[in-house]
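The lines below spell out each chain.
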Amino acid sequence: PKASIARTVVVRDKQAEGDGLYRIVLADPQGGQLPAWSAGAHVDLIAGGFRRKYSLCGQADDRSCLQVVVQREAHGRGGSRHFCDALDVGAVLQLSGPKNLFKLDESARHFVLFAGGIGITPVLAMADRLKRLGKSYAIHYAGRSRAQMALLGRLERDHAEHLHLYVKAQGQRLALPAVLTDVTADTRVYACGPDRLISELETLSEQWPAGVLHFEHFNAEGAALDPSKEHAFVAQLKDSTLEVTVAADQT
């Protein structure tokens with residue numbers, strides 16, 4: 001299976017990106033090129049018995065390395081702690097991908113990009129691509145404090161005229177209805193962030209033309225199904241007529 005194929009990579013650089021945030025630069029051990037990728041793509045990092053998905057946030061035209069930002073979850077299941085604490089420059093690990101389930105529709109006229117916290121990683125890659133294409137775009141980035149907002153330096157350097165920051169510690173709040181007043185069929189809204197951000201956008205999108213909203217959730221590493229809050233269901237696969245029962249404690 002393609003998903004089980006992994007390549008060996010080495011940590012070429014590791015830099016703090018704020019409180020509990022680390023940007024990790026990965027390279028081929030022999031100095032070769034790494035796979036091409038597109039904005040919104042992610043990779044699986046495999047090390048120490050852990051396998052975790054991280055969005056790519058480097059320059060897509062630089063095939064010499066791949067970059068991710070890992071947020072250390074102190075109370076998670078251990079994967080992010082291992083990647084943040086145990087992986088130093090020179091460390092060897094396995095990488096699967098890239099794979100893109102959050103592709104950018106480049107045909108639209110105007111793009112509105114939303115990021116909450118660590119959700120900035122795929123959004124930055126999208127902004128880089130839109131800038132290169134000469135497209136109209138705006139970035140709305142919300143976080144608890146500047147120290148907890150990854151990649152701020154590069155955003156302010158490369159996208160300052162398109163960037164809107166909402167820092168909770170400074171009393172700033174992202175008001176989605178005020179920002180999204182002129183959404184047309186030629187607008188694309190992309191968002192990556194916590195459930196409350198996505199839920200509010202889904203509610204607003206009920207009044208928009210079809211195909212405008214695209215989003216990707218991120219969840220804390222420790223998040224798991226709570227069977228007391230879930231329910232079983234049957235998935236019906238139309239082409240094969242197969243029916244699959246999914247229990248309350250299963251994804």
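Residues numbered from 1 in each chain as written. Predicted model: local features only at pLDDT ≥ 70, side-chain atom pairs only at ≥ 80, totals over all residues. Heavy atoms only, no water.

(A) Quick look at the sheet that holds strand β5 (residues 66-71). Ordered by their spatial adjacency, six strands build an open sheet running β4-β3-β6-β1-β2-β5, and the pairing between neighbours is antiparallel. With one partner strand each, in any of the chains shown, β4 (50-55) and β5 form the two edges of the open sheet. Pairs of neighbouring strands in the sheet enclose a mean axial angle of 40 degrees, with direction left out of account. Taken together, the seven bridges between strand β1 (residues 7-18) and strand β2 (residues 21-27) define a ladder with antiparallel strand orientation. (Pairing = 2+ DSSP bridges. Helix = DSSP H or I, 4+ residues; strand = E, 2+ residues; numbered from the N terminus. Axes fitted to C-alpha atoms, helices over the stretch in contact; angles between N-to-C directions.)

(B) Representation of the sheet that holds strand β9 (residues 163-167). What the five strands build is an open sheet, ordered β9-β8-β7-β10-β11; its pairing is parallel. Lying at the two open borders of the sheet, with one neighbouring strand each, are β9 and β11 (213-217). Ignoring which end each strand starts from, the neighbouring axes of this sheet average 10 degrees apart. Of the pairings in the sheet, the one linking strand β7 (residues 110-116) to strand β8 (residues 136-143) comprises seven bridges and is parallel in character. In the strand pairing of β8, F111 is matched with Y137. Together, β7, β8, β10 (187-193) and β11 form the strand contacts of helix α2 (residues 120-133), whose direction differs from that of β7 by roughly 155 degrees. In the packing of helix α5 (residues 195-205) onto the sheet, the strands contacted are β7, β10 and β11, and the crossing angle to β11 comes to about 160 degrees. (Contact = heavy atoms within 4.5 Å.)

(C) View of the pairing of strand β6 (residues 92-99). For β1 and β6, the ladder comprises four bridges, and the chain directions are antiparallel. Bridge pairing links V10 to V92 in β6. Pairing geometry for strand β3 (residues 42-47) and β6, over four bridges, is antiparallel. Bridged to I46 within β6 is Q94.

(D) Broad picture of the nonpolar core. Formed by 51 residues in total, the largest nonpolar core has its most connected members in L45, L113 and Y141. By residue number, the principal contributor to this core is α2, which donates seven residues. Not counting residues within four places of it along the chain, the set of residues in contact with Y141 comprises A115, G117, I120, M149, A150, L152, L155, L163, H164, L165 and Y166. Listed in part, the 15 residues of the second largest apolar core include F114, Y166, W208 and L213. (Core = buried A, V, L, I, M, F, W, Y, C linked by side-chain atoms within 4.5 Å. Buried < 20%, exposed > 50% of the residue type's maximum accessible area, 1.4 Å probe, protein only.)

(E) Region of the structure containing the side chain of S145. Residue placement: S145 occurs in the loop between β8 and α3 (152-158). Setting aside anything within four residues of it in sequence, one finds S145 in contact with V167 and A169.

(F) Just the pairing of β2, in detail. For β2, a buried count of six out of seven residues is recorded, marking the element as mostly surrounded by other parts of the structure. Joining the antiparallel neighbours β1 and β2 is a turn of two residues, in which G20 adopts a positive phi near 70 degrees. In the sheet, β2 pairs with β5 via six bridges, with the strands oriented antiparallel. Following the sheet pairing, L26 is matched in β5 by L66.

(G) Seen up close, the packing of aromatic side chains. A full pass over the atoms with the stated rule returns two aromatic pairs. Residues Y54 and F83 carry aromatic rings whose centres are separated by 5.9 Å and whose planes lie at 85 degrees to one another, so their mutual orientation is edge-to-face. With Y54 in strand β4 and F83 in helix α1 (residues 79-85), this residue pair connects regions lying 29 residues apart in the sequence. You'll find Y54 and F83 in the same group, each marked buried. Across from the ring centre of Y22, 5.1 Å away, lies the NZ or CZ of K14, which sits over that ring. (Phe/Tyr/Trp six-rings, centres within 6.5 Å; stacked < 30°, edge-to-face > 60°. Lys NZ or Arg CZ within 6 Å of the ring centre and 35° of its normal.)

(H) Molecular detail of α5. Along α5, the residues that are buried comprise L197, I198, L201 and S205. The buried side chains of α5 occupy one side of the element, clustering within an arc of 95 degrees when seen end-on. Where α5 is buried, its residues meet β7, α4 (176-179), β10 and β11. (Arc of directions from axis to C-beta.)

(I) Structural context of a nonpolar patch on the surface. Judged by side-chain polarity, L237, L242 and V244 come together as a nonpolar surface patch covering roughly 230 Å² of accessible area. Relative to the helices and strands, L242 resides in strand β13 (residues 242-246). Among the residues examined, L242 registers a relative accessible area of 47% and is labelled partly exposed. (Patch = residues over 30% accessible without salt bridge, like charges linked within 9 Å, V, L, I, M, F, W, Y side chains within 5 Å. Areas by Shrake-Rupley, 256 points an atom, 1.4 Å probe, with all protein chains shown as cover. Salt bridge = Lys/Arg side-chain N within 4 Å of Asp/Glu carboxyl O.)

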